[in-house]
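So you can see what is in the structure, the chains are spelled out below.
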Amino acid sequence: MASIEVRLAALAAEIRRRQFANEGPVDALSQSLFELEGELLGLDDLGKAAFLAELNQEDEDGTEGVGLTLEDLERLIANVRENKKSIW
């Protein structure tokens, strides 16, 4: 069932992308956010763990990671899936 929901969400995201493309040029930030949305909706459990590890990792310059939990990520994905666009 979750697989169907992921596919439907990806199709809805593609439709939105095409609608925006027809309205005019898409700026780099919007394009990047569309790509992030697609990536988030396509994550499985292993992908979520890898994504969190990357976000929470300290950078080489000593900058701390963002400190997201799995619950935070699940909530973000649910918001994107519901088209709340909470990430932008």
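Residues numbered from 1 in each chain as written. Predicted model: local features only at pLDDT ≥ 70, side-chain atom pairs only at ≥ 80, totals over all residues. Heavy atoms only, no water.

**Student:** So what exactly am I meant to see when it comes to the packing of helix α3 (residues 45-56) against helix α4 (residues 70-81) here?
**Tutor:** The relative placement of two packed helices is expressed as an angle between their axes plus a distance between the axes. Packing of α3 against α4 brings their axes to within 10 Å, and their N-to-C directions diverge by 115 degrees. The angle between the axes of α3 and α4 places the two elements in the roughly perpendicular class. For the pair α3 and α4, the crossing hand works out as right-handed. Across from Lys48, Phe51 and Leu52 in α3, the residues of α4 making contact are Leu70, Leu73, Glu74 and Ile77. (Axes fitted to C-alpha atoms, helices over the stretch in contact; angles between N-to-C directions. Helix = DSSP H or I, 4+ residues; strand = E, 2+ residues; numbered from the N terminus. Parallel < 35°, antiparallel > 145°, perpendicular 65-115°, else oblique. Left-handed = near helix turned anticlockwise from the far one by under 90°. Contact = heavy atoms within 4.5 Å.)

**Student:** Hey, could you run me through helix α2 (residues 28-41) in this one?
**Tutor:** Because an α-helix completes one turn every 3.6 residues, residues spaced three or four positions apart along the sequence face the same direction. Spanning 14 residues, α2 covers 20 Å between terminal C-alpha atoms, matching the ideal 20 Å at 1.5 Å per step. Within the span of α2, buried status applies to Leu33, Phe34, Glu37, Leu40 and Leu41. All buried residues of α2 fall inside an arc of 130 degrees around its axis, so they share one side. (Expected span 1.5 Å × (residues − 1). Buried < 20%, exposed > 50% of the residue type's maximum accessible area, 1.4 Å probe, protein only. Arc of directions from axis to C-beta.)

**Student:** Whenever I open this one, the pattern of salt bridges confuses me. Can you help?
**Tutor:** Think of it this way: side chains of opposite charge can pair up when their charged atoms draw near. On inspection of all chains with the given rule, the structure shows two salt bridges. We note a salt bridge from Glu74 to Lys48, for which the minimum N-O separation is 2.9 Å. With a gap of 26 residues between them, Glu74 in helix α4 and Lys48 in helix α3 connect regions that are remote in the sequence. In this structure Lys48 comes out as buried when scored by relative accessible area, which is 11%. (Salt bridge = Lys/Arg side-chain N within 4 Å of Asp/Glu carboxyl O.)

**Student:** Got a minute to help me understand the environment of Glu74 in this structure?
**Tutor:** Residue class for Glu74 comes out partly exposed when judged on its relative accessible area of 33%. Spatially, the C-alpha atoms of Glu74 and Lys48 are 8.7 Å apart, while their sequence positions differ by 26 residues.

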